[in-house]
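Chain and residue survey
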Amino acid sequence: MINTETIKNTVVFRLSGHLDAESHKGFHVSEAELVQKHIRLINAGIQDWNTDFVMFLYKVLKKTPVENITAESLPEGMEQLLFLALQTPAKVTERSGRKEPFLDRVGGYALYLAERFGCGVDFIYQCLLSWRRQLRGKAVCRSKDFWMTLSECGPKALLIVSLISFMVGLILAFVGALQLKTFGAQIYVASLVTIGMTRIMGAIMTGIIMAGRTGASYAATIGTMQVNEELDALKTMGISRTDFLVLPRMNALLLSMPILVLLSDFMGILGGCFMCVLFWDIPLSEYIRYTIQSFNITNFLVGLFHGVVFGWVIALCGCYFGVHCGRNADSVGIATTQAVVYAIVWMIIMTGLITLACEGLGI
Amino acid sequence: MTEPIIRVKNLDIGYGDKTVMSHLTFDVQKGDIFIIMGGSGCGKSTLLRTMIGLIPAQTGSIFIGDTDIVTASEKQKIEIMKNSGVLYQSGALFSSMSLAENVALPIQQYTNFSAAKIRDIVAFKLALVGLAGFEDYYPYEISGGMQKRAGLARALALDPQIVYFDEPSAGLDPISSKNLDDLILQINKSLGTTIIVVTHELPSIFAIGKNSIFLDSTLKTISAKGNPRQLLQNPPNKKVYEFLTRGDSYEKRAQ
């Protein structure tokens, strides 16, 4: 039971009986009644109590300064618990839930984008500087890191790249032959697959696989280092993070990408061959003859060039989002997602630019 | 001080084939503040992690109430852990959740309370640890000491009977560390919670410890038991004395 009575400046709470979550049902005291008042808590025969009741008292009294509250012969634990909760006044949080006007938000977002773009350009510049330092032999980076990342993004990616490229060749041959059959020109499937794979598809497929596989891992690794303050440690040691973290990763990808693209080209053509010989009844010798006929060294080199550019884009995106990762578990996830998404977007943009350039140069 | 709440018998702990500590036998009384002390790397934290069921024991038993956590099923383990709270060394707050959400998580998991009631409980628990009004803050916005106290609020969320502390004063300044010790004492006194603390901080050990065990890394077992102050007065062996006095010579001690 709980009774209150107001005597001049003092509100007296008389507590008695069993005090638990149920005992304050129907009891109500408004905040206005307690403002500027002294509170006296009197034990008028408490039989037992639990934390639920103390919680309720805390809720009622939390706006009252603790020096205005006196407790008289309350059970020992109860009094202590209540005053433990009341001893530090509640911090008033001044976070407004006010929504920003629409134009403010648009403008703020535009400024944010511009800032991020500036950051990205600066990052690329830093990477180029690191490269120059490395060429002069002044960059601080461990060759062990390079070999480790190289094995991670080279040999260990061979299987998945082969598998996917084989399937892409297969599909390209199937869909192509389906259409060419109507003209009775099925044999040109060989040319379609060869030109398609060597010029662009090999590089694109490898790029997407490597963005998901290696770009994501770069972002997650470096992002976790950021969370663990390892990047701060590098900074205070005066070691450039682009030298130490980005260079080995970028070099490893730049080296392995053309080789993977080469493999992808070959596996794609193999997949096309498999489909044509087994399903479209084209003789193997014919397929090989047409493949060799339509193989063009320029296309092949343009494909490899795509691969190198994609490798650079993937490494930059992975490292950039890793380095600019926030400091909690969530932000590592965000950094990884962004690394993959931006890598793929920039690969497509780069493909467009390279195609335009080739067109202009007449390649 | 009648029935012990935790009874550990002939416990061997370690990782895989490697045994870190063996033949551990001790009781923890209800309402005690029990210190597990010992040098760095001696297996204090391993013992704690075994007691809360994070790593399996090699042999022996740990009775918490009437259940042996070594042989308990997953269901029984959850029942036991509902009655205990753990404050991890770095707080282990979920960084993507506000303090209120962190404290509310176990309550939402194990009770059917209404949102309003959970809000009241969270406000009360945060007030208990001196963080009233910090509901909407995120762990990275508050200091290390505050993170520990928020972790304690989360550990206390379900009104546990036992609260485990892993190195509570690690990384805190002396004042924050003392405040946390006071808080441990106050919670022990007002809620009657049994408290088990893994630490090697001497001021904390003497300030809060009612009972303790000392883990000896060379003997690989318990080499002393009892109230830390009494252990200091009547040291049972050289290593305990040196530990409790920060390396004073055992032979030259005041007669």
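Computed from a predicted model, the values in this text were never measured in an experiment.

Split into domains, chain A comes out as domain 1 (2-86) and domain 2 (119-361). A separation of 69 Å is found between the C-alpha centroids of domain 1 of chain A and domain 2 of chain A.

On to the pairing of strand 1 (residues 4-15) of chain B. Successive residues of a regular strand alternate their side chains across the two faces of the sheet. All names here are of chain B. Inspection of the sheet shows strand 1 paired to strand 2 (residues 18-29) by eight bridges, in the antiparallel sense. Bridging from a neighbouring strand, I13 pairs with M21 of strand 2. Connecting strand 1 to the antiparallel partner strand 2 that follows it, the hairpin turn spans two residues, and G16 within it adopts a positive phi of roughly 60°. Examined bridge by bridge, strand 1 and strand 4 (residues 59-64) share five bridges and lie antiparallel to one another. When the bridges of strand 4 are listed, I6 appears paired with I64.

Facing 19 residues of chain B, the contacting portion of chain A comprises 20 residues. Listing elements by their share of the side of chain B that touches chain A, those giving two or more residues are helix 4 (115-128) and helix 6 (174-191) of chain B. For the side of chain B that touches chain A, the leading source of residues is helix 4 of chain B, giving five residues.

Residues and elements named next belong to chain A. The terminal C-alpha atoms of helix 4 (residues 102-135) lie 50 Å apart, and with 34 residues this matches the ideal 50 Å at 1.5 Å per residue to within 8%. For helix 4, a buried count of two out of 34 residues is recorded, marking the element as mostly open to its surroundings. Just past helix 4, the residue G137 takes up positive phi, approximately 75°.

Take the environment of A85 of chain A next. Tracing the chain through its elements places A85 of chain A in helix 3 (residues 76-86). Separated by 191 residues in the primary sequence, A85 of chain A and C276 of chain A have C-alpha atoms spaced 79 Å apart. Once you skip the residues sitting within four places of it in the chain, A85 of chain A turns out to touch Y58 of chain A together with F124, A127 and L128 of chain B.

Turning our attention to the nonpolar core. Counting 93 residues, the largest nonpolar core has Y58 and A85 of chain A together with I36, L126 and A153 of chain B as its most contacted members. If near-sequence neighbours (up to four positions away) are discounted, L126 of chain B is found in contact with L99, V103, L131, A132, F134, E135 and A153 of chain B. Of all hydrophobic cores here, the second largest spans 63 residues; its members include V246, I282, Y290 and A343 of chain A.

The subject of this paragraph is unusual backbone geometry. Residue and element names in this part refer to chain A. Within the chain, E229 stands out as a residue other than glycine whose phi angle is a positive 65°. Within the element layout of this structure, E229 appears in the loop between helix 7 (189-227) and helix 8 (230-236). A count of 12 C-beta atoms within 10 Å places E229 in the exposed class.

A few words now on the sheet that holds strand 3 (residues 38-49) of chain A. Residue and element names in this part refer to chain A. With mixed pairing, the four strands of this open sheet are ordered in space as 1-2-3-4. Only two strands of the sheet have a single neighbouring strand rather than two, namely strand 1 (2-7) and strand 4 (69-72). Across the sheet, the mean angle separating the axes of adjacent strands is 20° when strand polarity is ignored. As paired strands, strand 1 and strand 2 (residues 10-19) are joined by six bridges and run antiparallel to one another. Counted as the bridge partner of N3 is R14 from strand 2.

Calculation criteria
Along every chain, residues carry numbers that run from 1 in the direction the sequence is written. Chains carry letters and ligands carry numbers; both start at the beginning, A for chains and 1 for ligands, and go up in the order they are written. The predicted origin of the model limits local features to residues at a pLDDT of at least 70 and limits the giving and counting of side-chain atom pairs to 80 or more, whereas totals for whole chains, interfaces and linings rest on all residues. Just so you know, the domain bounds were taken from an automatic or database domain assignment. Being paired, for any two strands, means DSSP has found at least two bridges between them. For the purposes of this entry, the term helix denotes a DSSP run of H or I that reaches at least four residues, the term strand denotes a run of E that reaches at least two, and both are numbered from the N terminus. This entry defines residue contacts through backbone-placed C-beta atoms, with two residues in contact when those atoms are within 7 Å. Take the number of residues in a helix, subtract one, and multiply by 1.5 Å to get its expected span. Residue burial here comes from a neighbour count, namely the number of other C-beta atoms, placed from the backbone, that lie within 10 Å of the residue's own C-beta, with 20 or more meaning buried, 12 or fewer meaning exposed, and in between meaning partly exposed. Think of a nonpolar core as buried Ala, Val, Leu, Ile, Met, Phe, Trp, Tyr and Cys residues, each tied to the set through C-beta atoms within 7 Å. Lines fitted to the C-alpha atoms define the axes, with helices restricted to the stretch that makes contact. Angles between their N-to-C directions range from 0 to 180 degrees.

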